[in-house]
Amino acid sequence: MDEKRKTDFQGWLSDIRLKRQDLLESRSQRRQRRADMAKRRTQASQQRMKILSQLAAGNKKKKEDTFGQNDEDWNVYKEINKEAGESDSEADQEKLEELETMLREYDEDFAKETEGQDGSRFVFDIAEYYKLHVGLERMRVPELLFQPSMMGLEQAGISETLEFMMNKYAAETQNQLVQHVFLTGSGASFPNFKERMERDLLAMRPFQSTFSVYRADDPVLDAWLGARKWALSPYINTHSVTRAEYEEKGGEYLKEHMVTNQYIPTPVL
């Protein structure tokens, strides 16, 4: 569509006008049909009554009811139902608004045609058109980090994972761990994120126990700055995996040091 607008602007504009006209005609026909259905002596109303009479006087013998299995049955249903399939759909309305928006932006003649009776002219606001209105999403998006089940993921949230990890250690070690809970990453920039972690820790820890939660000065760049500092240190040469080690032990292998996880080889089945 955009390519045609650049190469054949007038042709593209004509296609937009034709699509809009088709939608308007379809809407007009549906509204006329609904109006005809409400009148007793119109052909549409008489056709509906004829079909109802035929269905009522159909074969009296008992047999398997297969009505609805064929596409033709749906056409019959639409004929006898005043509303089914005859209302203006949201998709059609959205498509019509989209086409008219493009015409107002690119077609001056269309803008003149849609001027108000008082002489006022419609002004297309490109900023308003692309504005995203946010409601509860502002609270729900960060909450997904704590409750992934809200979006259908069967995974533990941050607080639940923290509690699961601490339960792997003795009570004394747990007390040492919770004195240094460190938050980093862009998610830690959410308002009140630190306070939420403190509230969850208070709920999971024993009564009157202590803990401390810290947040990085720059949560967004903190991990990158740490990796940069590590890369410039002399440890990079002694703790890096060589090409030979990578080819021999695979991509899962890592050399353990002060800031790595513990390396546990994958079991060979």
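For the structure given in this document, a descriptive report is provided here.

Cut-off values and rules
- Residues numbered from 1 in each chain as written.
- Predicted model: local features only at pLDDT ≥ 70, side-chain atom pairs only at ≥ 80, totals over all residues.
- Heavy atoms only, no water.
- Helix = DSSP H or I, 4+ residues; strand = E, 2+ residues; numbered from the N terminus.
- Contact = heavy atoms within 4.5 Å.
- Salt bridge = Lys/Arg side-chain N within 4 Å of Asp/Glu carboxyl O.
- Core = buried A, V, L, I, M, F, W, Y, C linked by side-chain atoms within 4.5 Å.
- Buried < 20%, exposed > 50% of the residue type's maximum accessible area, 1.4 Å probe, protein only.
- Expected span 1.5 Å × (residues − 1).
- Phe/Tyr/Trp six-rings, centres within 6.5 Å; stacked < 30°, edge-to-face > 60°.
- Lys NZ or Arg CZ within 6 Å of the ring centre and 35° of its normal.
- Axes fitted to C-alpha atoms, helices over the stretch in contact; angles between N-to-C directions.
- Parallel < 35°, antiparallel > 145°, perpendicular 65-115°, else oblique.
- Left-handed = near helix turned anticlockwise from the far one by under 90°.
- Nonpolar A, V, L, I, M, F, W, Y, C, P; charged D, E, K, R; others polar.

**Observations concerning the overall build of the protein chain**
Here is step 1: What the protein chain contains, in helices and strands, is 14 helices and 2 strands.
Here is step 2: Residue pairs at least 24 apart in sequence account for 56% of intrachain contacts in the protein chain once pairs closer than 6 positions are excluded.

**Remarks on the pattern of salt bridges**
Here is step 1: Evaluated as defined, the whole model comprises 7 salt bridges.
Here is step 2: Each of E143, R196, R199 and D200 takes part in a single network of salt bridges with overlapping partners.

**What to know about the nonpolar core**
Here is step 1: Of all hydrophobic cores here, the largest spans 12 residues; its members are F146, L162, M166, V178, V181, L183, A188, F193, M197, L201, M204 and V213.
Here is step 2: Those elements giving two or more residues to this core turn out to be α9 (158-166), β1 (181-183) and α11 (193-204).
Here is step 3: In terms of residue count, the dominant contributor to this core is α11 (4 residues).
Here is step 4: Judged by nonpolar contacts, the second largest core, of 7 residues, contains L13, I16, M102 and F110.

**Here's the deal with helix α5 (residues 90-106)**
At 3.6 residues per turn, the α-helix brings residues three or four places apart onto the same side.
Here is step 1: With 17 residues, α5 ought to run about 24 Å at 1.5 Å a step, and its terminal C-alpha atoms sit 24 Å apart, in line with that.
Here is step 2: Every buried residue of α5 is listed here: L96, L99, E100, T101, M102 and L103.

**A word on the environment of M197**
Here is step 1: Following the sequence through the fold, M197 ends up in helix α11.
Here is step 2: For M197 and F146, which are 51 residues apart along the polypeptide, the C-alpha to C-alpha distance reads 9.4 Å.
Here is step 3: Excluding its chain neighbours within four sequence positions, the residues that come into contact with M197 are F146, I158, S159, L162 and L183.

**Re the packing of aromatic side chains**
Here is step 1: Enumeration over the complete set of coordinates arrives at 2 aromatic pairs.
Here is step 2: Each ring, one from F146 and one from F193, has its centre 5.4 Å from the other, and the planes form 45°; the classification is tilted. Of the two residues, F146 is situated in the loop between α8 (137-143) and α9 and F193 in helix α11; the sequence distance between them amounts to 47 residues.
Here is step 3: Each ring, one from W230 and one from Y235, has its centre 5.5 Å from the other, and the planes form 10°; the classification is stacked.
Here is step 4: Judged by relative accessible area, W230 falls into the partly exposed class, the value being 22%.
Here is step 5: Residue Y235 is classed as partly exposed on the basis of its relative accessible area of 38%.
Here is step 6: The ring of F146 has R196 lying over it, and the distance from NZ or CZ to the ring centre is 4.3 Å.
Here is step 7: Cation over ring: K249 sits above Y253, and NZ or CZ is 4.3 Å from the ring centre.

**Re the packing of α9 against α11**
Here is step 1: For the pair α9 and α11, the least separation of the axes is 10 Å and the interaxial angle reads 45°. Taken as axis vectors, α9 and α11 run oblique relative to one another. For α9 against α11, the interelement crossing comes out right-handed. Residue-level contacts link I158, S159, L162, E163 and M166 of α9 to F193, M197, D200, L201 and M204 of α11.
Here is step 2: Of the residues in the contact of α9 with α11, the class split is 7 nonpolar, 1 polar and 2 charged.

**Details of unusual backbone geometry**
Here is step 1: If you check the backbone angles, N192 has positive phi at about 65° while not being a glycine.
Here is step 2: Note on placement: N192 falls in the loop between β1 and α11.
Here is step 3: When its relative accessible area of 56% is taken as the criterion, N192 is described as exposed.
Here is step 4: In the Ramachandran plot, Q208 falls in the positive-phi region, its phi being about 65° despite a non-glycine side chain.

**Some details on the environment of F9**
Here is step 1: Of note, F9 is situated in helix α2 (residues 9-37).
Here is step 2: Along the primary structure F9 and Y106 are separated by 97 residues, whereas in three dimensions their C-alpha atoms are 9.4 Å apart.
Here is step 3: Setting aside anything within four residues of it in sequence, one finds F9 in contact with K4 and Y106.

**Considering the environment of V181**
Here is step 1: By secondary structure assignment, the location of V181 is in strand β1.
Here is step 2: Classification of V181 by relative accessible area gives buried; the value is 11%.
Here is step 3: Placed 31 residues apart in sequence, V181 and S212 show a C-alpha to C-alpha distance of 6.2 Å.
Here is step 4: Setting aside residues up to four positions removed in sequence, V181 forms contacts with L201, S212, V213 and Y214.

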